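As a plain string of letters, each chain reads:
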Amino acid sequence: MASKRALFSGKLGVILTTVGSAVGLGNIWRFPYITGENGGSAFIIVYIACVILLGIPAMLAEFSIGRATHSNPSDAYKKLAPHTPWHWVGKLGILVGVFILAYYPVVSGWTLSYLFDAITTKLTSYTGDYGQYFNQLATNAWMPLIWMVVVLLLSHIILCRGVQQGLERVSKVIMPVLFVLLIIMAVHSCLMPGGPSGLRFLLVPDFSKLNAHVVLMALGQAFFSLSLGMGCLITYSSYFKEDINLGKSALMVIVLDTLVALVSGFIIFPAVFTFGMEPQEGAGLAFIVLPGVFSKMSVSFLWATLFYLLLFIAALTSLMSIHEAILSYVTESWQMSRKNASRLIVLVLCVLGVLSSWSFGPLSQFKLFGLTLFDSFDFITSSVLMPLGALLTSLFVGWKLKKQWFINQLTNQGTISVPLANFFWFLLRYFVPLCIFIIFVGKLLDV
Ligand code: TRP
């Protein structure tokens, strides 16, 4: 095991890296289209309830495990519960990470390809159907793979420079760029003629749209967006110094992550309504509807470039966080150098990436339980393994560890006061496992 482990330099590093992990394709690509499909603002209200009542306690659980042990997810459980099978929960998390990274880099690659086409104005000067434009890319055997490899190599190069010099430093530069891009684009969108309709769609609730399915979607989205349930945040918090206030950091990350998701809605829906397009477009929203919207704006290539740059930064920092979680495990458990461990991981991810990318083209007929490989990786992670991981983590902290242990973590051994510590303990012990269990079973029956 590495004798001297890296740490983030301070509060700013903690917030920007963790927000970098949380803010990803989940916020800018998935949140708007799921909101569109599930009726807009009513979904958002349920989503915010999930984030507060389940997201905060679950994040505090991961933060306390990581910061208390300064270890990768597997060793963390081993240290807190020696000679028990709990370390399998950590290992399961790493496996989930590998499955997420079987498809996440493919989508990240698409964003990079769109960014490149936006800069060269190829994207916005296209006059055909953008559905076809997207299909040409996704079903192509080689182009998506090349972009995917570029993204993975970028993550590899950054992470090989180390936790502080690579991960933290890059996050500190590109996350502020992301916030600025987000604000510029939101202001521009809301000032368009469709601004009021877009905002109404997001802000005026229609409760007739609420049903069990909407609640299931909201919870899954909340966990995915907050990077919960796979040990990613255990790894990040293992780099937190002892004086970091876990409660404040979790709150800050959650508020920023939710704001970014909402503001992405403020960018997308006003623009979609301005040009008379449909908000319920589904997964094609960012890659099919939006290019059409951008192409109708003046200085179209500029807006397209800014948007896909935003999407790419978000995707890259999230991808790096999962890569880092797997990397910390492989380096420490298999005693490899960071560089070699990362090379091995990238190699495995390339193979899995070929499978998911080709599931749109050459392998599109190959199905597991009726799903393409890409959809299977998505389903097995976000609908099965992540809720399971989050359930086990909350049971671990809520039932296996003592209440005093959790309170000590939150209060930094009693040196700071945390107003709602008892309330979050209660949520973690009873409410979180119960809700995840109900939703988990509901989701499995839903298939
Ligand atoms: N939260 C990221 C997003 O919104 C994705 C992500 C990063 C993630 N790390 C994770 C999801 C860990 C689940 C678990 O796109």
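This write-up is about the structure you can find in this document. Owing to the predicted nature of the structure, the values given are computational and were not obtained by experimental measurement.

With respect to the helices and strands, the residue Val 346 is situated in helix 15 (residues 338-358). For the pair Val 346 and His 83, spaced 263 residues apart in sequence, the C-alpha separation works out to 32 Å. If near-sequence neighbours (up to four positions away) are discounted, Val 346 is found in contact with Leu 152, His 156 and His 323.

So, about the site of the ligand. Around the ligand sit 18 residues in total, of which Ala 22, Gly 26, Tyr 104, Phe 224 and Ser 227 are the nearest. Within the contact set of the ligand, a nitrogen atom lies 3.1 Å away from a side-chain nitrogen or oxygen of Ser 227. Protein contact buries 100% of the 360 Å² of open area that the ligand shows by itself. Structurally, the ligand is housed in the largest cavity. Those elements that provide at least two residues to the shell around the ligand are helix 1 (11-22), helix 2 (25-37), helix 5 (87-119), helix 10 (212-225) and helix 14 (300-333). Residue classes in the shell around the ligand are distributed as ten nonpolar, eight polar and no charged.

This paragraph deals with unusual backbone geometry. With a phi angle near 50°, Gln 335 is a residue other than glycine that sits in the positive phi range. Counting through the fold element by element, Gln 335 comes out in the loop between helix 14 and helix 15. By relative accessible area, which is 61% here, Gln 335 ends up exposed. Unusually for a residue other than glycine, Gln 413 sits at a positive phi of about 60°. Its location among the elements puts Gln 413 in the loop between helix 17 (403-410) and helix 18 (421-446).

Let's shift gears to the nonpolar core. Core analysis: the biggest nonpolar cluster contains 163 residues, and Phe 307 and Tyr 308 have the highest contact counts within it. Here this core gets 20 residues from one element, more than from any other, and that element is helix 14. If we ignore the near neighbours within four places in the chain, the residues touching Phe 307 are Ile 28, Met 185, Ile 267, Ile 268, Leu 290 and Phe 294.

Another point: helix 7 (residues 143-160). Under the 1.5 Å per step criterion, the end-to-end length of helix 7 is 26 Å for 18 residues, consistent within 8% with the ideal 26 Å. The complete set of buried residues in helix 7 reads Pro 144, Leu 145, Trp 147, Met 148, Val 151, Leu 152, Ser 155, His 156, Ile 158 and Leu 159. Phi turns positive one or two residues past the end of helix 7, at Gly 162, with a value near 110°.

A few words on the environment of Ile 254. Within the fold, Ile 254 resides in helix 12 (residues 246-274). According to the relative accessible area criterion, Ile 254 is buried, its value standing at 4%. A sequence separation of 154 residues divides Ile 254 from Ile 100, and the C-alpha atoms of the two residues are 21 Å apart.

Time to look at the side chain of Ser 249. Within the secondary structure, Ser 249 sits in helix 12. Taking relative accessible area as the criterion, Ser 249 reaches 7% and is therefore assigned buried. With sequence-adjacent residues up to four places away left out, Ser 249 is seen in contact with Val 14, Ile 15, Phe 63 and Ile 244.

This next bit is on the packing of helix 5 against helix 15. In contact at an axis separation of 8 Å, helix 5 and helix 15 are set at 60° when each is read in the N-to-C sense. The orientation of helix 5 with respect to helix 15, classified from their angle, is oblique. Between helix 5 and helix 15 lies a crossing of right-handed hand. Taken together, the residues of helix 15 that come into contact with helix 5 (itself represented by Val 98, Leu 101, Ala 102, Tyr 103 and Val 106) are Leu 349, Leu 352, Gly 353, Ser 356 and Ser 357.

What counts as what
- Residues numbered from 1 in each chain as written.
- Predicted model: local features only at pLDDT ≥ 70, side-chain atom pairs only at ≥ 80, totals over all residues.
- Heavy atoms only, no water.
- Helix = DSSP H or I, 4+ residues; strand = E, 2+ residues; numbered from the N terminus.
- Contact = heavy atoms within 4.5 Å.
- Near = heavy atom within 4 Å.
- Polar contact = N/O pair within 3.5 Å; in protein donor to acceptor, adjacent residues only side chain to side chain.
- Areas by Shrake-Rupley, 256 points an atom, 1.4 Å probe, with all protein chains shown as cover.
- 1 Å grid on protein atoms, 1.4 Å probe; cavity = no way out; pocket = protein on both sides within 12 Å on 5 of 7 lines; lining within 4 Å.
- Sits in = over half its atoms within 2 Å of the grid points.
- Nonpolar A, V, L, I, M, F, W, Y, C, P; charged D, E, K, R; others polar.
- Buried < 20%, exposed > 50% of the residue type's maximum accessible area, 1.4 Å probe, protein only.
- Core = buried A, V, L, I, M, F, W, Y, C linked by side-chain atoms within 4.5 Å.
- Expected span 1.5 Å × (residues − 1).
- Axes fitted to C-alpha atoms, helices over the stretch in contact; angles between N-to-C directions.
- Parallel < 35°, antiparallel > 145°, perpendicular 65-115°, else oblique.
- Left-handed = near helix turned anticlockwise from the far one by under 90°.

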